[in-house]
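An overview of the molecular structure
Below are the chains, spelled out letter by letter.
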Amino acid sequence: MADVDWRTLTRVGPSTPMGGMLRSYWQPVLLSSELPDPDGPPVRVRLLGENLIAFRDSSGQVGLLGNHCPHRGASLFFGRNEENGLRCIYHGWKFDRTGRCLDTPNEPPESSFKDRIRQLAYPCEERGGVIWTFMGPQENAPPLPDFEWLHVPASQRYLTKHTQDCNWLQALEGDMDSSHVGFLHGMLNKHVPGIKTAQGPAREYLAKSLQPRFDIMLTEFGLLIGACRAVGEDRDYWRVTAYLMPFYALIPPTGDAPLRVNIWHPTDDENTLVWRIDYHPLRALTEAELENLRSGLFAHVNPDEYLPPSSAPGGPWRPRANKENDYLIDREAQRTKSFSGLTGFWLQDRVATESMGPVYDRTQENLRSSDRGVIQVRRLLIRTLEAFQDEGRQPPAVDPATHRARAVAMELPRNASWSEFVREPATAHGSWRLSP
C-alpha cells in the first residue's frame, strides 16, 4: 500500500483512498426543512466531490440521485418531480428514488430498455431533522448515527450551516487546537456592551493562560483532547474537546450552557459545509440563549448575514463576510477592541483556516507541543485509512453507543489525573471505552 500523507487525507473523491473510507460512514445531506414538501422542487447537493440531486417524492420519502440523466446527460435538477419520481425535461425519462427507470416515453412501447437502465442513487434516512445518506457499498452500511442531539426535541437544539472555502481537514483542525482561543477569539476590552455569555470564569481562564498543557486519550470513537490551564495555586482548568471519527468535533461547554457539535463535512477537496449544532439534553433553549446563538458573535452566522440564497450546492448558506471583502475586518476594532478585528467566533476561525489557501502545503508547517491535538487527529486518520485499505476496504466498526460522547470543561485539583474524572461527564446515556 502506498504511504498515506497529508495530501491523501484531503482528497475525498469517489476514486481516492480517503474518499472510500469516508464513504463507509453516514453523511449529512440537508436539513429536512430544505426539502419541505412532497413533489416539491429538487435541490442541488455536492457531497465528497459528487454532484447530486435531492428530492422528496410523492410519498414523502427522500431520494438522492446523480446529477446527470443517464440518457444524454441533462441535469435532473430541472426535472419534473411527479408521481414518485424525477422526470428529465429533455426526453421525459423518469427515475424513482432508488434509481430505477420508470419510463422512457420516447422509446417504442414494446421496448424493455427501461428495465436495464439505472441511475446513480444513494439511500436516505431522516433523523433529528437531518437527511442522511450512505454512499458506500450498501452491504457494509453501519447503523444510523445516534448522536445525543438527534434525539432531543426541536426546542432543545439550534442548527445552522455555512460554507467554508478550504478543505475539510484544514477546517476541522481548528477545533483540535485549544491554544488559539486566547488569541484569535481574544478581546482587548473584556466588557463589550451587548455580549451576554454563560461562560462564567472560563473566558477569563482562557484569556489569562495562553500556554495550555495538552494530554490526549484514544477512545473507541476517536480522541479526547485535554488542554490544561493553571487557574490558581492549587487548581487546574481542563478543557476537553472530543473528536469523533471522521469529521465531528464536540466543543466543551461551561455550567448549564448548551452543548456544541461541529460537523466539518467535505463538499469536495477544496470546500467544506460546516454544520453547527447547539443543544441542551434536558431542557428547551432559553430566549437569552437563542438570542446569543443568533447574534453572530459566537459559533453561528447571524441569520441576516448570509448572501442572497442561490440554487447552487450550499447556496443558502454563504456568509456575506468572505474573502472578496476581506471578511469585513475592522482595523479600528482590531486596534481597540478585539485581537482579530473580526466579528464572530465562527468568522475568526473561518478567516484563519481559509487564509491558508484551499489546501495548505503541510510540509511548510512548524508544529510544536501546542499542536498535539492536530498531530494526533492526523495520525488517527492515517492509521484508520491504512487499516481500511489493508483489510480490503472493510469499513471501521461503528458502535452507535460511542456516538453518545460529550466534550467537558472542569476544574480539578492541581496535578489530578483528568482521565479519572472525565469518563462519566463525557458520556451521555451510552457507553464507550478508552482504548489501550
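Throughout, residues of each chain are indexed from 1 in the direction in which the sequence is written. In keeping with the predicted nature of the model, local features appear solely for residues at pLDDT of at least 70, side-chain atom pairs appear and are counted solely at 80 or more, and the whole-chain, interface and lining totals rest on all residues. Side-chain metrics in this entry use all non-hydrogen atoms of the structure; hydrogen atoms and water are not considered.

Attention now goes to the sheet that holds strand β9 (residues 121-122). Spatially, four strands are ordered β2-β3-β4-β9 in an open sheet, and the strand pairing comes out antiparallel. A single partner strand is all that each edge strand has here, and the edge strands are β2 (43-47) and β9. When DSSP finds two or more bridges between a pair of strands, those strands are recorded as paired. Starting at the N terminus, helices and strands are each numbered in turn, a helix being any DSSP run of H or I of at least four residues and a strand any DSSP run of E of at least two. Bridging between strand β4 (residues 62-66) and β9 involves two bridges; their strand directions are antiparallel. Each bridged residue has a counterpart across the sheet, and for Leu65 the counterpart in β9 is Ala121.

Now for the pairing of strand β3 (residues 50-56). Judged by how many residues are buried, β3 sits mostly within the fold: six of seven residues are covered. In the sheet, β2 pairs with β3 via five bridges, with the strands oriented antiparallel. Bridge pairing links Arg46 to Asn51 in β3. Following β2, the chain reverses through two residues before pairing antiparallel with β3; Leu48 in that reversal takes a positive phi of roughly 50°. In this structure, β3 lies alongside β4, joined through five bridges in antiparallel fashion. Bridging across to β4, Ile53 finds its partner in Leu65. What sits between β3 and β4 in their antiparallel hairpin is a turn of five residues, with Gly60 showing a positive phi close to 90°. The buried label applies to any residue whose accessible area, calculated with a 1.4 Å probe on protein chains only, is under 20% of its type's maximum; exposed applies above 50%, and partly exposed to all values in between.

You can see Ile329 is positioned in the loop between α6 (287-294) and α7 (331-336). For the pair formed by Ile329 and Pro253, sequence separation is 76 residues and the distance between their alpha carbons is 27 Å.

For the peptide bond that leads from Met245 to Pro246, omega is -5°, which places it in the cis range. Looking at the element boundaries, Pro246 is found in the loop between β15 (235-244) and β16 (248-251). With phi around 60°, Asn84 is a residue other than glycine that occupies positive phi space. Tracing the sequence through the fold places Asn84 in the loop between β5 (80-81) and β6 (86-87). For Asp326, which is not glycine, the phi dihedral falls at a positive 55°. Among the structural elements, Asp326 can be located in the loop between α6 and α7. Note on Asp326: relative accessible area 52%, which makes it exposed.

Another point: the pattern of salt bridges. We define a salt bridge as a side-chain nitrogen of Lys or Arg found within 4 Å of a carboxyl oxygen belonging to Asp or Glu. With the rule as written, the count across this model stands at 27 salt bridges. With a shortest N-O distance of 2.7 Å, Arg362 and Glu173 are connected by a salt bridge. Of this pair, Arg362 sits in the loop between α8 (345-354) and α9 (372-390) while Glu173 sits in the loop between α3 (168-172) and α4 (181-184), and the two are 189 residues apart along the sequence. Exposure remark for Arg362: the relative accessible area of 12% places this residue in the buried category. Its salt-bridge partner being Arg362, residue Glu365 comes within 3.4 Å of it at the nearest N-O pair.

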